[in-house]
Every structure is written in structure tokens, then in C-alpha cells.
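This is what each chain is made of:
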Amino acid sequence: MPDYRELEPLCELIEQARSHQEGERPLLVAVDGRSGSGKTTLAGDLAACLRGRGMVTEVFHLEDLYQGWSGLAQAALVWQRLAEAVVSGRASSPGAAPRWFGWDWASSQATGPHPFTAAQQAAGGVLIAEGVGALTGAHDVGVFVELDTVRRRQRALARDGETYRPYWDMWAEQEADLLAAYASAYEGAGVRYLQR
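Only a predicted model underlies this, so the values are computations on that prediction, with no experimental measurement involved. (Residues numbered from 1 in each chain as written. Predicted model: local features only at pLDDT ≥ 70, side-chain atom pairs only at ≥ 80, totals over all residues. Heavy atoms only, no water.)

Enquirer: I'm lost on the packing of aromatic side chains in this one. Help?
Expert: How two aromatic rings sit relative to each other is given by the distance of their centres and the angle of their planes. Under the defined criterion, the tally for this structure stands at eleven aromatic pairs. Plain terms: the ring middles of Phe60 and Trp79 are 6.0 Å apart, the flat faces sit at 15° to each other, and that makes the pair stacked. With Phe60 in strand β2 (residues 57–61) and Trp79 in helix α3 (residues 72–88), this residue pair connects regions lying 19 residues apart in the sequence. Here Phe60 and Trp79 have matching classes, each one buried. Between the aromatic rings of Trp69 and Tyr164, the centroid separation amounts to 5.2 Å while the plane-to-plane angle is 20°, which identifies the pairing as stacked. Of this pair, Trp69 sits in the loop between β2 and α3 while Tyr164 sits in the loop between α5 (149–160) and α6 (168–181), and the two are 95 residues apart along the sequence. The rings of Tyr66, Trp69, Trp105, Tyr164, Tyr167, Trp168 and Trp171 are connected pair by pair, giving a single aromatic cluster. (Phe/Tyr/Trp six-rings, centres within 6.5 Å; stacked < 30°, edge-to-face > 60°. Helix = DSSP H or I, 4+ residues; strand = E, 2+ residues; numbered from the N terminus. Buried < 20%, exposed > 50% of the residue type's maximum accessible area, 1.4 Å probe, protein only.)

Enquirer: Explanation requested: the side chain of Arg25 in the structure shown.
Expert: Considering the arrangement of structural elements, one finds Arg25 in the loop between α1 (8–19) and β1 (27–33). Classification of Arg25 by relative accessible area gives buried; the value is 17%. Within polar-contact distance, the side chain of Arg25 engages the backbone oxygen of Val87 at 3.3 Å. (Polar contact = N/O pair within 3.5 Å; in protein donor to acceptor, adjacent residues only side chain to side chain.)

Enquirer: Explain the pairing of β1 here, please?
Expert: Within a regular strand, the side chains alternate between the two sheet faces. Within β1, seven of the seven residues are buried, leaving the element largely enclosed by the surrounding structure. Side chains of β1 alternate between two faces, with Leu27, Val29, Val31 and Gly33 and Leu28, Ala30 and Asp32 buried alike. Examined bridge by bridge, β1 and strand β5 (residues 126–130) share five bridges and lie parallel to one another. Paired with Val31 across the bridge in β5 is Glu130. (Pairing = 2+ DSSP bridges.)

Enquirer: Is there a simple way to think about α5 in this case?
Expert: Residues spaced three or four apart along an α-helix point in a common direction, a consequence of the helix completing one turn every 3.6 residues. Between its terminal C-alpha atoms α5 stretches 16 Å, which fits the 16 Å expected from twelve residues at 1.5 Å a residue. For α5, every residue scored as buried is listed here: Arg152, Ala156 and Leu157. The buried residues of α5 occupy an angular sector of 120° when projected down its axis, which confines them to one face. Among the exposed residues of α5, those pointing more than 90 degrees away from its buried face are Val150, Gln154 and Ala158. Turning to α5, the residues buried within the fold contact α6. Between the side-chain oxygen of the N-cap and the backbone nitrogen of Val150 there are 3.3 Å, and the N-cap of α5 in question is Asp148. Of the residues one or two after α5, Gly161 is the one with positive phi, at around 65°. (Expected span 1.5 Å × (residues − 1). Arc of directions from axis to C-beta. Contact = heavy atoms within 4.5 Å.)

Structure, rendered in C-alpha cells:
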């Protein structure tokens with residue numbers, strides 16, 4: 001069982017933010033960071049911590065939006081549309097869920113369209129959006145996960161193996177471009193989380 005003591009301040013911050021929000025639309029938490037920084041692990045641990053506090057919590061993975069290895073910038077635009085629907089409350093209305101296209105990495109083909117039901121599933125609770133580009137969209141709480149490049153690369157290649165190795169530099173370049181294009185969003189992230 002993970003040790004959530006380090007997450008307690010962040011869980012508390014999110015719980016307080018949700019308690020000040022009226023209505024059923026979920027509190028939207030963006031967990032962003034470069035590849036291999038630990039976003040997915042943090043999002044999963046954070047979701048477990050919040051559920052342990054009795055909060056309905058769903059996690060949406062932005063990697064489901066990336067249309068292949070060159071699709072980061074376009075996925076950020078799609079995420080911005082979905083995030084706006086969440087914070088405006090439109091995504092929480094039954095039958096009004098916006099649609100998005102996924103990607104089958106094995107066959108290199110688009111999938112969908114899929115209804116964006118994560119906001120409805122997280123109604124009255126918290127929706128955690130994790131992935132590179134999460135901070136580019138509207139959100140209530142923003143978290144940027146940081147880890148040095150050497151350890152990020154080691155972790156990413158250990159996770160994804162040889163399938164990722166040829167694309168590491170290409171993806172890193174897209175990440176750098178995205179961070180530069182949305183510098184104010186990244187500089188304004190409310191929480192900086194230093195991975196160990």
C-alpha cells in the first residue's frame with residue numbers, strides 16, 4: 001500500500017477546493033509534466049488518497065488523445081475543448097458529453113469518436129486529468145510534476161521499452177514546444193510536485 005503522507009497536503013488542498021464549489025460539476029485537477037516524470041503514478045495515488053477521504057474521483061489520461069507520436073500539439077487543443085466543457089458544466093449534462101478521438105497505438109489508427117463521460121462519472125467529486133498538456137486547458141487545481149531529464153528518460157524507457165526509444169527526442173521536442181507556447185499556464189501551476 002502506498003504511503004500517502006506526502007500527498008496529504010495536496011489531498012487537503014483539493015478537498016477544500018471541492019468543498020467551496022457549488023453544483024455537481026467535478027473539480028478539475030490537471031496533473032502535467034514531461035514524459036517519465038511520474039504523472040500517471042501521482043494521479044493514481046492522488047485518486048486513491050481522495051477516494052480514501054470519501055470523494056468520488058475519476059482519472060482521465062491525456063495520452064488517449066495523442067494521435068500518434070507527432071500528435072501532442074493537436075491533443076492539447078482537443079483537451080482545451082474538453083476541459084472547457086468540464087468547467088462550464090456542459091460536460092456534466094446527460095446526453096451533452098463532447099466527443100473525442102482516441103488512438104490505437106498497435107495499429108496506428110484513430111479510434112472513436114468516444115463520448116467524454118469522465119465528468120459525469122466524477123459528478124460531485126474530482127476529475128483528475130493527467131498527461132502532457134493537461135495544464136493548457138481550463139482547470140481548478142494545477143499540478144506540475146518535475147524530475148530531472150536523466151531519471152525521466154530512464155523511467156520512460158523502462159516503462160515503454162524499445163517502442164519509445166526511437167521517439168524520445170521527437171517527443172521531448174514537442175514537449176519543449178508546448179511548454180514554451182503555453183508558458184504562462186505552466187508558470188502559473190499552483191503546485192510544483194518534485195518526484196523522487
